[in-house]
Amino acid sequence: MQQASAAHDSDGMAGAPAPRVHTLLLTDLCDSVALVERLGDTAAAELFQEHDRLVLRLQQHWKGRMIDRSDGLLLLFERPVGGLGFALDYRHGLEELGRSRGIDLQARTGMHVGEVLTWHNSAEAVQAGAKPLEVEGLAKPLAARLMALARPGQILLSAVAESLARRSARELGGRSEHLLWKSHGRWHFKGVPTTQEVFEVGEPGFAPLRMPRSTPKAWRDLPLWRRPVALVAELALLVALGIGTWIVLRPEPAIAFAERDWVVMGDLRNLTGNAVLDDSMAQAFRISLEQSRYINVLSDMTVSDTLARMRKERGTRIDRTIGSEIAIRDGARAVVLPTLAEVGGRLRVTVEVIDPQTQATVYVLSRDVRQIDGLLATIDGVAQAVRDRLGESSEAIQQMSQPLPEVTTGSLDALKMYALGVKTYNDRRMDDARALFQKAVDIDPEFALALVGVMRTYMSQGEAEKAGAPLRQAAALRDHLSVRDRLYVEAWEAEFEPQPSRNAPAKWRLLAEVYPDIAAAQQNYAWAEFVKGNLDEAQAAAGVAATSKEPLRYVSRELIGRIQLVKGEYDAAIRSFVESERISGAPPNRRHASALAALGNVQDALRMLEACAEREPSDALVHVEWTAALLAAGRTGEALRVADEGVAKAATSNDVLRVPLHLGALVARYRAGEQPPPSELAGLIDHVIQAADVAGAGEMDDLVAIALAGARLKQRFEGTPLGVAEERRLAGLVERSGHPRNEALLAIIAADQWRLRGDPGRSVEQLRAAGKGSGFIQWHVAMRDALLAAGDREGSRQEQRWLSSHQGMAYGDPLGAQAFVVMNVADTIAADAAIAGVASVVEAEDDGMRRLGGHALQ
């Protein structure tokens, strides 16, 4: 049967195509004909070929779909942020192309989001000159009108495109903070029945930010009084009225404050002489302001970090001058200076809102209270008045505010202890901070926020098992927490409940969506997704946290480097680690060294790791990467020594730290030609299984992954399958854990069991069913071994080539507290040896390597 002239694609249903919402982006290369005349045909052709390569690269990166091209482009995107990213990068790319040839190369760009119909043309139609994919709908001419209206180098958006793109712009990373957005008012477009608001977006130094020129097909919607004839008559009247009005009424100072802008909290001036009120009232005012989703308050830690950069001593009083300098350095829009005084027998709470650029007082707000018992409610009222004056809606204030006595404590003494605990916590004196938080709880057992403080001190010291009790107490008092703190506690609560990997990430993501500038929420979500193997999602969240104003943003920048390392983006990973070190002021660490080793600079990596060990002699973790890098350098004897030293350092540590080091040492011993008794590894696996069986949710996932690493090591080096009972115990633990990466690991182990039992074909079949999506080094190792055992030497060589080219994934595997790192690196360097032309790893290395995979590698 002859094909119809058009076949519906996935955008449509059977029958007539159904419209779907897409982001449409149209561009037009300015003065392209004149450009050809100026350059000549040959040079112009070379330029357009390079232009096409730029477009293809950006299209693939931003997941665009090319519909049509000539002097311009028509692309579809699934999300507005993809179109926005393409438009910004295309603008930069054109500038670089032009600069390299000494010409001005610019494009007009228009973007709209709306419903369109899409369908594929038949093969016959395409051969006759038709486009492969057709797009139609009102959204298409509207995007074209925006593109035609734009000035050279200008990116114009419809209102719906601006709203959606601006909301998701943070996914672009740090550049989103510098984007400039401007409305050019409402416009009439020929053929479009209603007026449309037009927006411009761009980056400083690149965006024209100029009103587009009216054309016969697009003109501004101006009210009668703004048309030229009326303006002349109005001008004289307005000038006269304006001068008179200004003389009579001086304008009240104003401050340009937008949603999610930042303020600096100055130190409280306590003029009452009551020392109990010094820190407690300042902390109460901060807590009240932090309930807002509209206003962000710079943390005490950020302020301390900025004071250090200003070369001011810790504890310097934050007054008008110092606060303004901090605000300018950190990009805050206002400084808030609270004062507490006794006036006429009453307590008066006063707040000045300062413009940091001029240090002028913009607003003064105050309230009086007769009794000290009503002081917290009064502070609440003043804080809400500040929020109102800075532009937060009354509805939002009501929805996102709870009375201070309810979300803190009615005891000023307890609040004083809590405020001192926060200061001590920011100084990283965790034991002292915990004692102060506990005193606050002793004074008021229902002070939930103080219980959260106790929990945070334990978590900061890596004592998760001790953090559970205060966390549960705080969760039971959740009605005494603000919305912000309640979401925070619920996210941590999910970390301590069964199967945290399935439940906690959604809680962190919710907190990040409601309060986008809480860096801890973005960072914790990023970490959870990284461990689960969702690298793109993890990198996006870590990118948001890394652009925060928190001094601990270096942790998120380091996480980005670790993600890039696993992705194989070694140069980018090194840049991220260097940036993390710059922010923190710390020297290069073991993560940085891993990237150097993966890149092939093993000697530089070893020097860096040796320096790390010298700076922190008690740090056992550095021995994981150090052992792996020494194996990669072929220095097996030194690797064994370093591994054993790491085990000795961790002898009194918990199993999550100790056992991965022991597993790494076993790999080094096998590589050195030693034959540890099978009972040693079997006993280690049994011990970890028992520990995981009784562990809380906070440690169970790691312990299960460590047990799986031990099982995998047994398969790899002893060449015998696991026992039925052992396999059943592991499967039960994995089911209880619920972690998707543990499930994927168990599938790899179960598949390799068939090879070890003499049925490699079934092993290959099960591995293919499991898929490569989990991104495990050990999946490829198992597939390599099964293919070789099945007689498929070429397939096995392909897996060896893959292993050889993914050393970053080997070094960067976070699962089970890095329990797989040394084993992974051993496998990738073994593959390197084979790829380099060594016929057999057995011929090239000690006899101990014979057991790697249970056979010689070809």
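On a predicted model such as this, the values are computed, not experimentally measured, just so you know.

Novice: Before we move on, can you summarise helix H18 (residues 483-495) with the specific residues and values?
Specialist: Look at H18: 19 Å from first C-alpha to last across 13 residues, which is about the 18 Å you get at 1.5 Å a residue. Taken together, the buried positions of H18 are Asp485, Leu487, Tyr488, Val489, Ala491, Trp492, Glu493 and Ala494. Looking at the buried side of H18, the elements it contacts are helix H16 (448-460), helix H17 (464-476), helix H19 (500-514) and helix H20 (519-532).

Novice: Can you break down the environment of Gly543 residue by residue, with the values?
Specialist: For Gly543, the position within the fold is in helix H21 (residues 535-546). Separated by 373 residues in the primary sequence, Gly543 and Arg170 place their C-alpha atoms 8.4 Å from one another.

Novice: Give a description of unusual backbone geometry that names residues and reports values.
Specialist: Non-glycine residue Ala817 carries a positive phi angle of around 55°. Its location among the elements puts Ala817 in helix H37 (residues 815-818). At Gln818, a residue that is not glycine, the phi angle is positive and equals roughly 70°. With respect to the helices and strands, Gln818 occurs in helix H37. Gln818 sits in the buried class, given a relative accessible area of 7%.

Novice: I'd love a proper account of the packing of helix H22 (residues 553-567) against helix H23 (residues 570-584), names of residues and values included.
Specialist: At a minimum axis distance of 8 Å, the contact between H22 and H23 shows a crossing angle of 165°. With respect to H23, the axis of H22 lies roughly antiparallel. When the axes of H22 and H23 are compared, the crossing they make is left-handed. Contact residues: H22 offers Arg553, Tyr554, Arg557, Glu558, Ile560, Gly561, Arg562, Gln564 and Leu565, while H23 offers Tyr570, Ala572, Ala573, Ser576, Phe577, Glu579, Ser580, Ile583 and Ser584. The class makeup of the residues in the contact of H22 with H23 is eight nonpolar, five polar and five charged.

Novice: Describe the packing of aromatic side chains, naming the residues involved and giving the relevant values.
Specialist: Tallying each qualifying case throughout the model produces nine aromatic pairs. Consider the rings of Phe86 and Tyr90, whose centres lie 5.7 Å apart with planes at 25°: the pair is stacked. Pair noted here: Phe86 and Tyr90 are both in helix H3 (residues 80-101), with a separation of four residues, about one helical turn. Judged by relative accessible area, which is 2%, Tyr90 ranks as buried. Residues Trp492 and Trp508 carry aromatic rings whose centres are separated by 5.3 Å and whose planes lie at 90° to one another, so their mutual orientation is edge-to-face. A residue pair is termed long-range when its members are at least 10 positions apart, and Trp492 in helix H18 and Trp508 in helix H19 qualify at 16 residues. An aromatic cluster is defined as three or more aromatic residues linked by ring pairs; in this entry it consists of Phe77, Phe86 and Tyr90. Against the face of Tyr515 rests Arg484, its NZ or CZ located 5.9 Å from the ring centre. Over the ring of Trp754 we find Arg757, and its NZ or CZ is 5.6 Å from the ring centre.

Novice: Tell me what's going on with the nonpolar core, and back it up with residues and numbers.
Specialist: Soluble, globular proteins show a tendency: their nonpolar side chains are buried together. By size, the foremost hydrophobic cluster in this structure holds 179 residues, and its most contacted members are Met281, Phe285, Leu375, Leu390, Tyr418, Trp508 and Leu663. No other element matches the 11 residues that helix H30 (residues 697-718) contributes to this core. Judged by nonpolar contacts, the second largest core, of 33 residues, contains Trp62, Leu105, Met111 and Leu172.

Novice: Give a detailed account of the environment of Gln196, specifying residues and quantitative values.
Specialist: Structurally, Gln196 can be placed in strand S9 (residues 196-202). With 11 residues separating them along the chain, Gln196 and Gly185 place their C-alpha atoms 8.2 Å apart. In contact with Gln196, not counting residues within four places along its chain, are Leu142, Gly185, Arg186, Trp187 and Phe189. In terms of polar contacts, Gln196 uses its side chain to reach the side chain of Thr194, at 3.2 Å.

Novice: Could you give an account of the pattern of salt bridges, with specific residues and numbers?
Specialist: Scanning the entire structure with this criterion turns up 56 salt bridges. With a shortest N-O distance of 3.6 Å, Glu625 and Arg591 are connected by a salt bridge. Within this pair, whereas Glu625 is found in helix H26 (residues 622-632), its partner Arg591 is found in helix H24 (residues 590-599), the two being separated by 34 residues in sequence. A relative accessible area of 1% means that Glu625 is categorised as buried. Among the charged side chains, a network of salt bridges with common partners joins Glu558, Arg590, Arg591 and Glu625.

Novice: So what about the pairing of strand S8 (residues 180-189)? Which residues, and what values?
Specialist: In terms of strand pairing, S8 meets S9 through six bridges, oriented antiparallel. Bridge pairing in S9 links Lys182 to Glu200. Connecting S8 to the next strand, S9, in antiparallel fashion are six residues, including Gly191 with a positive phi near 85°.

Novice: Could you give me a rundown of the packing of H21 against H22, with the residues and numbers involved?
Specialist: Closest axis-to-axis distance for the H21/H22 pair is 8 Å, and the angle between their directions is 155°. Comparing the axis directions of H21 and H22 gives the class roughly antiparallel. Every pair of crossing elements has a handedness; the one defined by H21 and H22 is left-handed. Note on element contacts: H22 touches H21 through Arg553, Ser556, Arg557, Leu559, Ile560, Ile563, Gln564, Val566 and Lys567, opposite Leu535, Asp536, Ala538, Gln539, Ala542, Gly543, Ala545 and Ala546. Of the residues belonging to the contact of H21 with H22, the class tally is nine nonpolar, four polar and four charged.

Novice: Tell me what's going on with the pairing of strand S4 (residues 72-77), and back it up with residues and numbers.
Specialist: Summarising burial for S4: six of the six residues are buried, a large majority. Of the two faces of S4, both are covered, the one formed by Gly72, Leu74 and Leu76 as well as the one formed by Leu73, Leu75 and Phe77. As paired strands, strand S2 (residues 20-29) and S4 are joined by six bridges and run antiparallel to one another. Of the residues in S4, the one forming a bridge with Asp28 is Gly72. Pairing of strand S3 (residues 64-69) with S4 involves five bridges; the strand directions are antiparallel. For Asp68, the partnering residue across the bridge sits in S4 and is Leu74.

Conventions adopted
- Residues numbered from 1 in each chain as written.
- Predicted model: local features only at pLDDT ≥ 70, side-chain atom pairs only at ≥ 80, totals over all residues.
- Heavy atoms only, no water.
- Helix = DSSP H or I, 4+ residues; strand = E, 2+ residues; numbered from the N terminus.
- Expected span 1.5 Å × (residues − 1).
- Buried < 20%, exposed > 50% of the residue type's maximum accessible area, 1.4 Å probe, protein only.
- Contact = heavy atoms within 4.5 Å.
- Axes fitted to C-alpha atoms, helices over the stretch in contact; angles between N-to-C directions.
- Parallel < 35°, antiparallel > 145°, perpendicular 65-115°, else oblique.
- Left-handed = near helix turned anticlockwise from the far one by under 90°.
- Nonpolar A, V, L, I, M, F, W, Y, C, P; charged D, E, K, R; others polar.
- Phe/Tyr/Trp six-rings, centres within 6.5 Å; stacked < 30°, edge-to-face > 60°.
- Lys NZ or Arg CZ within 6 Å of the ring centre and 35° of its normal.
- Core = buried A, V, L, I, M, F, W, Y, C linked by side-chain atoms within 4.5 Å.
- Polar contact = N/O pair within 3.5 Å; in protein donor to acceptor, adjacent residues only side chain to side chain.
- Salt bridge = Lys/Arg side-chain N within 4 Å of Asp/Glu carboxyl O.
- Pairing = 2+ DSSP bridges.

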